[in-house]
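Below are the chains, spelled out letter by letter.
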Amino acid sequence: MASKQLAPPSAMVVAALWMSGALFSFTAMAVGGRELTGALSTFQILFFRSVIGLFVVSLLMWRTGWHQVRTPHLGLHFVRNLAHFGGQFGWFYGLAFIPLAEVFALEFTVPIWTALLAALILRERITVQRVTAIGFGMVGLIIILRPGFQVIHPAALAVLAGAVGYALSHTLTRKLALHDTPLTILFYMTVLQLPMGLIPALSSWQIPALELWPWLGVVGVAALTAHYCMARALKVAEATVVVTLDFLRLPLVAIVGALLYQEPLDLLVLVGAAVMLFGNWINLRK
């Protein structure tokens, strides 16, 4: 009797598995960042993140070929990484002062700023769907920040400014991806951002205590695995599916924040992020 052949897992299942890795990585990076912010400056955290990232990327370059380092777009790489460094600074700075869920919710504004910057820089069309996504995004942002009803923490504004930095970085990455490999982009990200973190960190430099090194490793490695897992998920499933699964990191990190740091579960933060997600979903589905 012939044995039954197992059916290959569906693209949805594979995407969900990869996104599970991304969700775990993003959450681990947030917890690692929170554990480090009390002992190290934000610049020092970003410096060590670049050191660890450079080590990992160099190993990959060694396996796939150092010829990828050659690029005629060094200036564009520099501007892209200046924006990305600003995004990371705002994100890690926010981890020290506001709830984890609020940091992640404000990060969901990145597609809004990306759509606007892509129209300005890449001359991409502003469609009805994109205007709808931007409109829902702004409504969601107002629900989260509630201006006039509560005092907006400066760290929330830093995270919001960081989201604009991430959006500019994503927009410029699209231009670079036409010519350079993903490893080339990652290599210059770690090389260029290393001195950006080191120079300002020298004014208040301190050698990390022994118990902090595992958390530095978590932040450095999780930053790479999170985006790798998301990229793999996007290879096997539509962006609408991946973005919907990515939204799960907000309630997940809210639960982690409540369990580890006794942070209150703010329903309006979840509602605001859901409104932004709905707008993005309409845009991506079209």
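As the structure is a computational prediction, the values presented were derived from the model and not from experiment.

Once that is clear, we can look at the UniProt feature "domain: EamA" (unreviewed entry) in the protein chain. Taken from the UniProt record, the annotation "domain: EamA" (unreviewed entry) applies to residues 15–145 and 155–282. Along residues 15–145 one finds 81% helix and 0% strand; the C-alpha atoms at either end are 32 Å apart.

We now examine a nonpolar patch on the surface. A surface patch of nonpolar side chains, about 290 Å² in accessible area, is lined by Leu-116, Ile-126, Val-131 and Met-138. Positionally, Leu-116 belongs in helix α5 (residues 110–121).

Comment: phi is negative for the bulk of residues other than glycine, and the bulk of peptide bonds are trans. In this structure, Gln-262 takes a positive phi of about 55 degrees despite not being glycine. If you trace the backbone, Gln-262 turns up in the loop between α11 (249–261) and α12 (267–285). Accessibility expressed as a relative area gives 62% for Gln-262, which makes it exposed.

Right, let's talk about the UniProt feature "transmembrane region" (unreviewed entry) in the protein chain for a bit. The UniProt record annotates "transmembrane region" (unreviewed entry) at residues 46–66, 131–149, 155–173, 185–206, 212–229, 241–261 and 267–284. In residues 241–261, the share of helix is 90% and the share of strand is 0%. The end C-alpha atoms are 31 Å apart. Taken end to end, residues 267–284 comprises 100% helix and 0% strand; its first and last C-alpha atoms sit 26 Å apart.

In terms of nonpolar packing, the biggest core is built from 63 residues, with Met-29, Trp-91, Phe-92, Phe-104, Leu-106 and Leu-250 touching the most fellow members. Once residues lying within four places of it in the same chain are set aside, the contact partners of Leu-250 are Ala-101, Phe-104, Ala-105, Phe-108, Val-269, Leu-270 and Ala-273. Core analysis: the next-biggest nonpolar cluster, separate from the first, contains five residues, Val-57, Met-61, Leu-183 and Tyr-188 among them.

Here Val-79 is to be found in helix α3 (residues 74–95). In this structure Val-79 comes out as partly exposed when scored by relative accessible area, which is 41%. Along the sequence, Val-79 and Ser-169 sit 90 residues apart, while their C-alpha atoms lie 8.2 Å from each other.

Look at α5 against helix α6 (residues 128–145): their axes get within 9 Å of each other, and the N-to-C directions meet at 140 degrees. Comparing the axis directions of α5 and α6 gives the class oblique. Between α5 and α6 the crossing geometry is left-handed. Facing α5, whose interface residues are Ile-112, Trp-113, Ala-115 and Leu-116, α6 presents Ile-134, Gly-137, Met-138 and Leu-141.

Okay, the environment of Leu-145 next. Within the fold, Leu-145 resides in helix α6. The exposure class of Leu-145 is buried, given its relative accessible area of 9%. When the C-alpha positions of Leu-145 and Ala-156 are compared, they lie 8.1 Å apart, and in sequence the two are eleven residues distant.

Note that His-73 resides in the loop between α2 (42–64) and α3. On the basis of relative accessible area, His-73 is assigned to the partly exposed category, the value being 21%. His-73 sits 17 residues away from Val-56 along the chain, and the two C-alpha atoms are 23 Å apart. Excluding anything up to four places from it in sequence, His-73 contacts Leu-176, His-179 and Asp-180.

Parameters and conventions
- Residues numbered from 1 in each chain as written.
- Predicted model: local features only at pLDDT ≥ 70, side-chain atom pairs only at ≥ 80, totals over all residues.
- Heavy atoms only, no water.
- UniProt positions renumbered as here; feature names shortened; annotations may be inferred.
- Helix = DSSP H or I, 4+ residues; strand = E, 2+ residues; numbered from the N terminus.
- Patch = residues over 30% accessible without salt bridge, like charges linked within 9 Å, V, L, I, M, F, W, Y side chains within 5 Å.
- Areas by Shrake-Rupley, 256 points an atom, 1.4 Å probe, with all protein chains shown as cover.
- Salt bridge = Lys/Arg side-chain N within 4 Å of Asp/Glu carboxyl O.
- Buried < 20%, exposed > 50% of the residue type's maximum accessible area, 1.4 Å probe, protein only.
- Core = buried A, V, L, I, M, F, W, Y, C linked by side-chain atoms within 4.5 Å.
- Contact = heavy atoms within 4.5 Å.
- Axes fitted to C-alpha atoms, helices over the stretch in contact; angles between N-to-C directions.
- Parallel < 35°, antiparallel > 145°, perpendicular 65-115°, else oblique.
- Left-handed = near helix turned anticlockwise from the far one by under 90°.

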